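Descriptive structure summary
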Amino acid sequence: MRKKIVAGNWKMNTLPAEGVELAKGVVAMRGEVCDCVNFIVCPPFTHLAQVAEALKGSNVELGAQNCAAEAKGAYTGEVAASMIAALGCKYVILGHSERRQYYGETAQTLNKKMEQVYANGLTPIYCVGENLDEREAGNHFAVCKQQIEEVVFNLTEEQFKNLVIAYEPVWAIGTGKTATAEQAQEIHAYIREVLASKFGAAAEECPILYGGSCKPSNAAEIFAKEDVDGGLIGGAALKAEDFIGIGKGFMA
Ligand code: 13P
């Protein structure tokens, strides 16, 4: 049985006090969804410590949205994976399309970040996904394959066992336009095939999350698909009720 995961990417939203409130709300409602679903919240760096405190004793886990490509040293403004781990984070989102697009994150950088994440005992949530032009040109399979080959294929078999993939079509992020459940299943199955071509049977165990305008009203249909193991949630993760509501999609 693959892990079921609902992860909230808060992006650059919430002030510390708001983040703590949100985390407390998630903890308070967590019991409405079976323990078989893993909930993860990924706040901004600035309040990771406070949110960690708010999550203490609950089974809601903590992740960061990014980390530095280097271990430590003279890298002004960067946050090392070791620092994130020290705050109680278990996960780090890597390769989100917003980072690729706005901050020029390349495969080369992502390979270094991956190394840091594993060196510090964290689990990467590695994002892949095509933009609208690529989808319309029918290149979405090739784009996802390349994003996986150039980073995930460099992992060891041991590291691969501790990896989460998120498929996030750029055209569905924050647009209110969701991939259909069929579109999600089609590409998730393909991604698993690509993973299997390198890692064999272990690909069966790798959680692949869907991200892009996921909400309580569409989660059940998408999560019902065989190769969809949960969601990476943006906007709807900013309201505890919606975030937990998405988790309920597994129980429908
Ligand atoms: P939305 O859920 O706001 O579309 O964002 C998805 C996303 O980018 C999560 O990482």
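Residues numbered from 1 in each chain as written. Predicted model: local features only at pLDDT ≥ 70, side-chain atom pairs only at ≥ 80, totals over all residues. Heavy atoms only, no water.

**Thoughts on the pattern of salt bridges**
One pass over the full model with this rule turns up 16 salt bridges. One salt bridge in this structure joins Arg99 and Glu105, with 3.2 Å as the shortest N-O distance. Relative accessible area serves as the criterion here: at 23%, Arg99 is assigned to the partly exposed category. Lys225 is paired through a salt bridge with Glu182; the nearest N and O atoms lie 3.5 Å apart. Of this pair, Lys225 sits in the loop between α10 (216-223) and β8 (230-233) while Glu182 is found in helix α9 (residues 181-199), placing the two residues 43 residues apart along the sequence. On the basis of relative accessibility, which here comes to 25%, the residue Lys225 falls in the partly exposed class. Via salt bridges that share partners, Arg2, Arg192, Glu204, Asp227 and Asp229 belong to a single interconnected network. (Salt bridge = Lys/Arg side-chain N within 4 Å of Asp/Glu carboxyl O. Buried < 20%, exposed > 50% of the residue type's maximum accessible area, 1.4 Å probe, protein only. Helix = DSSP H or I, 4+ residues; strand = E, 2+ residues; numbered from the N terminus.)

**Digging into the nonpolar core**
Across soluble globular proteins, nonpolar side chains show a tendency to be buried alongside one another. Tyr126, Val152, Leu163, Ile165, Ile191 and Leu195 are the most contacted members of the largest nonpolar core, which has 71 residues in total. Considering every element that reaches this core, the biggest residue donor is α9, with eight residues. Counting residues in hydrophobic clusters, the runner-up holds 12 residues, among them Ala7, Ile40, Cys42 and Cys127. (Core = buried A, V, L, I, M, F, W, Y, C linked by side-chain atoms within 4.5 Å.)

**A word on the site of the ligand**
Around the ligand, a shell composed of 13 residues is seen, among which Lys11, His96, Gly174, Ser213 and Gly235 lie nearest. Within the side chain of Glu168, an N or O atom sits 2.9 Å from an oxygen atom of the ligand. Between an oxygen atom of the ligand and a main-chain N or O atom of Ser213, the distance comes to 2.7 Å. Contact with the protein chains covers 95% of the free accessible surface of the ligand, which is 310 Å². The class makeup of the residues in the shell around the ligand is four nonpolar, seven polar and two charged. (Near = heavy atom within 4 Å. Polar contact = N/O pair within 3.5 Å; in protein donor to acceptor, adjacent residues only side chain to side chain. Areas by Shrake-Rupley, 256 points an atom, 1.4 Å probe, with all protein chains shown as cover. Nonpolar A, V, L, I, M, F, W, Y, C, P; charged D, E, K, R; others polar.)

**Some points on helix α7 (residues 140-149)**
Among all positions of α7, only His140, Val143, Cys144, Gln147 and Ile148 are buried. Down the axis of α7, the smallest arc covering the buried residues is 130°, so these residues share one side. The inward-facing, buried residues of α7 abut α4 (97-102), β5 (123-128), α6 (132-136), β6 (164-167) and α9. (Arc of directions from axis to C-beta. Contact = heavy atoms within 4.5 Å.)

**Comments concerning unusual backbone geometry**
The phi angle at Lys11 is positive, at roughly 55°, despite the residue not being glycine. With respect to the helices, strands and loops of the structure, Lys11 is situated in the loop between β1 (4-9) and α1 (16-29). Of note in the backbone geometry, Thr14 takes a positive phi value of approximately 80° without being a glycine. With a relative accessible area of 23%, Thr14 lands in the partly exposed category.

**Quick word on the side chain of His96**
With respect to the helices, strands and loops of the structure, His96 is situated in the loop between β4 (91-94) and α4. Filtering out sequence-adjacent residues up to four positions away, His96 remains in contact with Asn9, Lys11, Cys127, Glu168 and Ile173.

**Here we look at the pairing of strand β3 (residues 60-64)**
Burial analysis of β3 places four of its five residues in the buried class, which makes it a mostly covered element. Two elements, strand β2 (residues 37-42) and β3, share three bridges in a ladder whose sense is parallel. Pairing of Phe39 across the sheet is with Val60, part of β3. Viewed along the sheet, the connection from β2 through helix α2 (residues 48-55) into β3 turns out right-handed. Looking at chain direction, β3 and β4 are connected through two bridges and run parallel. If you follow Gly63 over to β4, its bridge partner there is Tyr91. For the crossover from β3 across helix α3 (residues 81-86) to β4, the handedness is right-handed. (Pairing = 2+ DSSP bridges. Right-handed = clockwise from strand over helix to strand, strands pointing away.)

**Thoughts on the layout of surface pockets**
Its boundaries defined by the atoms lining it, the largest pocket holds a volume of some 480 Å³. Considering every element that reaches the lining of the largest pocket, the biggest residue donor is α4, with three residues. Here the lining of the largest pocket is composed, by residue class, of seven nonpolar, five polar and three charged. (1 Å grid on protein atoms, 1.4 Å probe; cavity = no way out; pocket = protein on both sides within 12 Å on 5 of 7 lines; lining within 4 Å. Points joined across faces, edges and corners; volume = space filled by probe spheres on them.)

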